Amino acid sequence: MSSDSRFAGSIPQVYDTVLVPMMFLDYADDVASAVAAGTPHDVLEIAAGTGAVTRALHRLLPTVEITATDLNPPMLDRAAEMLPPSDRVRWLLADAQDLPCEDGTFDAVMCQFGVMFFPDRPRAYAEAHRVLRPGGRFVIASWGRIEDNEAALAVEEALATLFPDDPPRFLRRTPFGYTDLDLVRVELEGAGFTSVDARWVEHRSRPTSAQDIAVAHCQGTPIANLLAERGVDPAHATAEMARVLEDRLGPEPFSGRLSASIVVATHA
Ligand SMILES: C[S@@+](CC[C@H](N)C(=O)[O-])C[C@H]1O[C@@H](n2cnc3c(N)ncnc32)[C@H](O)[C@@H]1O
């Protein structure tokens with residue numbers, strides 16, 4: 001597994017407690033609502049992470065059954081801890097590119113901020129198509145350009161200040177690196193989906209201190225892996241980034257523009 005896709009160590013807990021509340025919750029409601037609009041009974045979630053969307057859909061549809069999958073065991077462990085025990089949710093380790101599920105098992109497949117991490121995304125889309133029943137919906141959320149996501153852009157610029165010779169490019173390369181909706185359509189249609197509906201949705205990040213933005217990114221994303229590979233102490237990197245971010249964003253809690261696509265693709 002590449003270090004961009006490894007969510008372990010400090011990442012699951014910091015991701016879930018700092019990054020998700022800052023940037024992910026409004027989109028989790030959007031994805032859950034788009035899934036719920038199809039009144040599904042059996043839902044598969046891929047790249048479920050620490051379960052932000054799992055929890056949103058579980059709240060929204062009182063009888064839905066969710067199979068929530070992810071590649072990294074520590075993310076699913078955290079997700080299971082955060083949802084009260086429920087016989088309507090099953091947690092399953094799975095690579096989205098090779099799903100351990102029968103053909104035609106689900107009414108909907110959902111994936112929030114995960115598809116950018118799949119090395120062979122067309123294969124993951126073909127897998128989503130395979131496990132859906134005819135008429136089923138595949139709902140995807142994916143970040144827009146980093147220039148349209150102010151907190152992420154500030155973090156990227158802070159990393160460029162701190163590592164001028166060779167800044168870690170994780171954000172631009174991976175989570176904010178899949179922003180061409182024409183390509184999304186081509187890949188989904190290539191996997192057999194029809195009537196691909198894609199739209200941009202904007203929200204604002206929740207007000208967050210420079211310190212917490214730095215904690216979220218240096219300790220709650222795979223940037224932590226890239227810092228570790230360079231032998232950089234995470235606490236030191238966090239403090240340095242907080243200082244640079246505060247210079248740029250000011251001392252008050254920062255709330256910035258968020259932009260992501262929500263895509264609903266239908267199984268013919
Ligand atoms: C940014 S997180 C999104 C998690 C969650 N959907 C959310 O909205 O909080 C990306 C997730 O993709 C997962 N992931 C990366 N590569 C994967 C793969 N090939 N198959 C399944 N999950 C993968 C990671 O483990 C991580 O949990």
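Criteria and cut-off values
Residue positions are given per chain, counted from 1 along the sequence in the order it is written. The predicted origin of the model limits local features to residues at a pLDDT of at least 70 and limits the giving and counting of side-chain atom pairs to 80 or more, whereas totals for whole chains, interfaces and linings rest on all residues. Values shown for side chains rest on all heavy atoms present in the structure; no hydrogens or waters enter the calculation. UniProt positions are given in the numbering used here, feature names are shortened, and annotations may be inferred rather than shown by experiment. Under the DSSP-based scheme used, a helix requires at least four consecutive residues in state H or I and a strand at least two consecutive residues in state E, with every element numbered from the N terminus. Note on geometry: axes are lines fitted to C-alpha atoms, helical ones only across the stretch in contact, with angles between N-to-C directions running from 0 to 180 degrees. By convention the crossing between two helices is left-handed if the near helix lies anticlockwise of the far one by an angle smaller than a right angle, and right-handed if it lies clockwise. By definition in these notes, contact holds between two residues if any of their heavy atoms fall within 4.5 Å. Any residue that is not Ala, Val, Leu, Ile, Met, Phe, Trp, Tyr, Cys, Pro, Asp, Glu, Lys or Arg is counted as polar, Gly included; the first ten are nonpolar and the last four charged. The definition of a nonpolar core used throughout is a set of buried Ala, Val, Leu, Ile, Met, Phe, Trp, Tyr and Cys residues joined through side-chain atoms within 4.5 Å. When a residue's accessible area, from a 1.4 Å probe over protein chains only, is under 20% of the maximum for its type it is buried; when over 50% it is exposed; and in between it is partly exposed. Counted as a polar contact is a pair of N or O atoms within 3.5 Å, where, for protein atoms, one must be capable of donating a hydrogen and the other of accepting one, and residues adjacent in sequence contribute only when both atoms are in side chains. Under the pairing criterion, centres of Phe, Tyr and Trp rings, with the six-membered ring standing for Trp, must be within 6.5 Å; the plane angle then separates stacked pairs below 30 degrees from edge-to-face pairs above 60, leaving the rest tilted. Working rule: Lys NZ or Arg CZ, within 6 Å of ring centre, within 35 degrees of ring normal, means a charge sits over the ring. The nearness test applies per residue and asks whether one of its heavy atoms lies within 4 Å of the molecule or strand. Residue-level accessible areas treat just the shown protein chains as cover; the underlying method is Shrake-Rupley with a 1.4 Å probe.

Asker: I'm lost on the UniProt feature "domain: Methyltransferase type" (unreviewed entry) in the protein in this one. Help?
Answerer: The sites that carry the UniProt feature "domain: Methyltransferase type" (unreviewed entry) are, in the present numbering, residues 44–140. As annotated, residues 44–140 has a helix share of 31% and a strand share of 30%, and its two end C-alpha atoms lie 12 Å apart.

Asker: Please clarify how the packing of helix H6 (residues 150–162) against helix H11 (residues 234–249) should be interpreted in this entry.
Answerer: To describe two helices that pack against each other, one gives the angle between their axes and the distance between the axes. The contact between H6 and H11 brings their axes to 9 Å, and the two run at 120°. With respect to the hand of their crossing, H6 and H11 are arranged in right-handed fashion. Taken together, the residues of H11 that come into contact with H6 (itself represented by Ala154, Val155, Glu157, Ala158, Leu159, Thr161 and Leu162) are Ala237, Glu240, Met241, Arg243, Val244, Leu245, Arg248 and Leu249. Class assignment for the residues of the contact of H6 with H11 results in 10 nonpolar, one polar and four charged.

Asker: What's the story with the nonpolar core in this structure? I'm lost.
Answerer: Inside soluble globular proteins, nonpolar side chains tend to come together where they are buried. In this structure, Ile46, Leu57, Phe138, Trp143, Leu188, Phe193 and Leu245 are the most contacted members of the largest nonpolar core, which totals 102 residues. Residue contributions to this core peak at eight residues, all from helix H1 (residues 11–23). If we skip the residues at most four places from it in the chain, Phe193 touches Tyr125, Ala128, His129, Leu132, Phe138, Leu188, Ala265, Thr266 and His267.

Asker: Help me understand the side chain of Asp148 in this model?
Answerer: Considering the arrangement of structural elements, one finds Asp148 in the loop between strand S5 (132–143) and H6. A polar atom in the side chain of Asp148 sits 3.4 Å from the side chain of Arg257. Non-local contacts of Asp148, meaning those with residues more than four positions away in its chain, are made with Arg257, Leu258 and Ser259.

Asker: Just to check I follow, could you spell out the environment of Leu76 for this structure?
Answerer: Position of Leu76 relative to the elements: it lies in helix H4 (residues 73–82). Each C-alpha atom, one on Leu76 and one on Trp91, is 6.9 Å from the other, the two residues being 15 residues apart in sequence. In this view, Leu76 contacts Ala48, Gly49, Ala68, Thr69, Asp70, Trp91, Leu92 and Leu93; residues no more than four positions away in its chain are not counted.

Asker: How should the packing of aromatic side chains be read in this particular structure?
Answerer: Working definition: an aromatic ring pair is given by the centre-to-centre distance plus the angle between the planes. Using the criterion set out here, one finds 12 aromatic pairs in the structure. Note on Tyr15 and Phe24: the rings are 5.4 Å apart at their centroids and 75° apart in plane angle, and the pair reads as edge-to-face. Like Tyr15, the residue Phe24 is buried in the burial classification. A centroid spacing of 5.6 Å and a plane angle of 80° characterise the contact between Phe24 and Trp143, whose relative ring orientation is edge-to-face. Taken as a pair, Phe24 in the loop between H1 and helix H2 (25–36) and Trp143 in strand S5 lie far apart in primary sequence, 119 residues in all. A single burial state applies to Phe24 and to Trp143, both of which are buried. Aromatic ring contacts, followed pair by pair, group Phe7, Tyr15, Phe24, Tyr27, Phe113, Phe117, Trp143, Phe170 and Phe176 into a single cluster. Geometry around Tyr178 places Arg121 over its ring, the cationic atom sitting 3.5 Å from the centre.

Asker: I keep staring at the site of the ligand and nothing clicks. Help me out?
Answerer: In the vicinity of the ligand, 18 residues are found, and the nearest of them are Tyr15, Ala47, Asp70, Asn72 and Gln112. Taking Tyr15, its side chain carries an N or O atom lying 2.5 Å from an oxygen atom of the ligand. Between the ligand and Asp70 there is a distance of 2.6 Å, counted from an oxygen atom to a side-chain nitrogen or oxygen. Protein burial of the ligand: of its 590 Å² of free accessible surface, 98% is covered by the chains. Considered class by class, the residues forming the shell around the ligand number 12 nonpolar, four polar and two charged.

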